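# Fold and geometry: a report
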Amino acid sequence: MGGRRGTVVTMVAPRINALQKLWLREIGIEKTWLQVAEPVVVPQASTQAESFHDESTQARGANAPAGDDSVGVGGAARTADGPAAALSAVRAADATKGERAVAKGPLNVSVVPAAPVAAPRPPRSSPSIKQPQPAAESRSVTEPVIPATDFDALRDQVQQCTSCGLCQGRRHAVFGMGARPARWMVVGEAPGEQEDRQGLPFVGRSGQLLDAMLSAVGMSREKDVFIANVIKCRPPGNRNPKPEEIAACSPYLKRQIELIQPERILVLGRFAAQTLLGTDATIGNLRGRQHALTTDDGRSIPVIVSYHPAYLLRSPTEKARAWQDLRLAATSG
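Residues numbered from 1 in each chain as written. Predicted model: local features only at pLDDT ≥ 70, side-chain atom pairs only at ≥ 80, totals over all residues. Heavy atoms only, no water.

## Things to note about the overall build of the protein
In terms of helices and strands, the protein carries 12 helices and six strands. When each of the 333 residues of the protein is scored for burial, the buried share is 37%. When the accessible surface of the protein is split by element, carbon and sulfur atoms take 52% of a total near 20600 Å². (Helix = DSSP H or I, 4+ residues; strand = E, 2+ residues; numbered from the N terminus. Buried < 20%, exposed > 50% of the residue type's maximum accessible area, 1.4 Å probe, protein only. Areas by Shrake-Rupley, 256 points an atom, 1.4 Å probe, with all protein chains shown as cover.)

Right under this line is the structure:
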């Protein structure tokens, strides 16, 4: 049998570049692969790539040109973070293709650094559009009231008053109405909705009941009585006035009393009685007896406290006590 002469085939490993060598070292087959590999002539740039791997804390080689975010390693990847980032890019490419071997040709992977995000600028207001101005806050500091020399001047002061925030929501300032001079002065608490609409004190059902009460003791608002309130403007929702609102309106009431000089004062309601008498006692403790108000000129005016007509409309059983208060006012002196 004749034999065939064997042919000796020498296997020569393909040439690898520096980046591929790094990858072989990473997966642990560098020595096995390079045992049969031919000497690799590494260009000068590969030596620079080796230094990047040894100096992993540097983001760019010392010989890289300024302003260049990538470093060339032969025909291998150009990245801003050196061979470590290039090796990650190779792995990502291999995983996408499902291959476990090193690509034969050079890898061209470029990593583009993200552009810095500029901080947002505040919006510019258009010069043609007026910016909304904050609403004016209610004034809590009472403006001094210059004593009016006559009744008409005092009325003008009340109608033009802006000493507290109640002026912003009013329709009319309720100065008061009645006889001048007056034997009695009736002082209520604050205007309600109807009083604010008409600019008059004690109108509606409360006003009708008050007129009936005064008539029962021979008095009328047209001939004998002047009616006013402690607060001249309606509080929102008929709430109780605030201390600064009371302080702003009290000088007006005081001046009204000085100009009218009534023989006696009938105070209707807890809030009006506490304000005029300077006390925090309940109306149950204040009614049924005579009090005194001393003016700046030394006059002492008898003061009688009773229930507000609005309360009597809700509690008709208290009208008997209100009748006692009226009789006390008629006989006091």
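## Some thoughts on the pairing of strand β4 (residues 264-268)
Of all the five residues making up β4, five are buried; the element is thus mostly covered by neighbouring parts of the structure. Here β4 shows no split at all, with Arg 264, Leu 266 and Leu 268 on one side and Ile 265 and Val 267 on the other all buried. Two elements, strand β2 (residues 184-188) and β4, share four bridges in a ladder whose sense is parallel. Its bridge partner lying in β4, Met 185 is registered against Ile 265. Alignment of β4 against strand β6 (residues 300-306), held across four bridges, turns out to be parallel. Paired with Leu 266 across the two strands is Ile 304, which belongs to β6. (Pairing = 2+ DSSP bridges.)

## Let's talk about the packing of aromatic side chains
How two aromatic rings sit relative to each other is set out by the distance from centre to centre and by the angle between their planes. Under the criterion given, the structure shown has four aromatic pairs. Measuring from ring centre to ring centre gives 5.3 Å for Phe 151 and Phe 175, while their planes differ by 80°; the resulting arrangement is edge-to-face. With Phe 151 in helix α5 (residues 151-159) and Phe 175 in the loop between α5 and β1 (177-178), this pair connects stretches of sequence that are 24 residues apart. Residue Phe 151 shares its accessibility class with Phe 175, and that shared class is buried. Measuring from centroid to centroid gives 6.4 Å for Phe 175 and Phe 226, while their planes differ by 75°, and the two rings are edge-to-face. Residue Phe 175 is found in the loop between α5 and β1, and its partner Phe 226 is found in strand β3 (residues 225-229); the two are separated by 51 residues along the sequence. Judged by relative accessible area, Phe 175 falls into the buried class, the value being 2%. Exposure remark for Phe 226: the relative accessible area of 1% places this residue in the buried category. Site record: aromatic cluster; members linked through ring pairs are Phe 151, Phe 175 and Phe 226. (Phe/Tyr/Trp six-rings, centres within 6.5 Å; stacked < 30°, edge-to-face > 60°.)

## Things to note about the environment of Glu 258
Within the secondary structure, Glu 258 sits in helix α8 (residues 243-260). Of the residues examined, Glu 258 reaches a relative accessible area of 24% and is grouped as partly exposed.

## Regarding the sheet that holds β4
Read across the sheet, six strands follow the order β1-β3-β2-β4-β6-β5 without closing on themselves; strand pairing throughout is mixed. A single partner strand is all that each edge strand has here, and the edge strands are β1 and β5 (290-294). Sheet contacts for helix α7 (residues 204-216): β2, β3 and β4; angle to β2, the most-contacted strand, approximately 150°. The sheet strands contacting helix α12 (residues 319-331) are β2, β4, β5 and β6, and the helix crosses β6 at an angle near 170°. (Contact = heavy atoms within 4.5 Å. Axes fitted to C-alpha atoms, helices over the stretch in contact; angles between N-to-C directions.)

## Side note on the packing of α5 against α8
The geometry of α5 relative to α8 is characterised by a closest axis approach of 11 Å and an angle of 165° between their N-to-C directions. With respect to their mutual orientation, α5 and α8 come out roughly antiparallel. Between α5 and α8 lies a crossing whose hand is left-handed. When α5 is examined against α8, the residues Phe 151, Leu 154, Gln 157 and Val 158 are found in contact with a partner set consisting of Tyr 252, Arg 255, Gln 256, Leu 259 and Ile 260. (Parallel < 35°, antiparallel > 145°, perpendicular 65-115°, else oblique. Left-handed = near helix turned anticlockwise from the far one by under 90°.)

## Focus on α5
When α5 is considered as a whole, its buried residues turn out to be Phe 151, Leu 154 and Val 158. The buried residues of α5 occupy one face: seen down the axis, they fall within an arc of 60°. If you follow the buried residues of α5, they end up packed against β3 and α8. (Arc of directions from axis to C-beta.)

## Remarks on the side chain of His 291
Structurally, the position occupied by His 291 is in strand β5. Of note is the side chain of His 291, whose polar atom sits 2.8 Å from the backbone oxygen of Leu 286. (Polar contact = N/O pair within 3.5 Å; in protein donor to acceptor, adjacent residues only side chain to side chain.)

## Details of the pattern of salt bridges
Evaluated as defined, the whole model comprises eight salt bridges. Among the salt bridges present, the one from Glu 318 reaches Arg 321, with a minimum N-O distance of 3.8 Å. Note on Glu 318: relative accessible area 16%, which makes it buried. (Salt bridge = Lys/Arg side-chain N within 4 Å of Asp/Glu carboxyl O.)

## Focus: the pairing of β6
Among the seven residues of β6, six are classified as buried, and the element is accordingly described as predominantly covered. Bridge count for β5 against β6 is five bridges, and the pairing is antiparallel. Counterpart to His 291 in the pairing with β6 is Val 303. In textbook terms, the turn of a hairpin is the stretch between consecutive antiparallel strands, and for β5 and β6 this stretch comprises five residues, one of which, Gly 298, has a positive phi near 95°.

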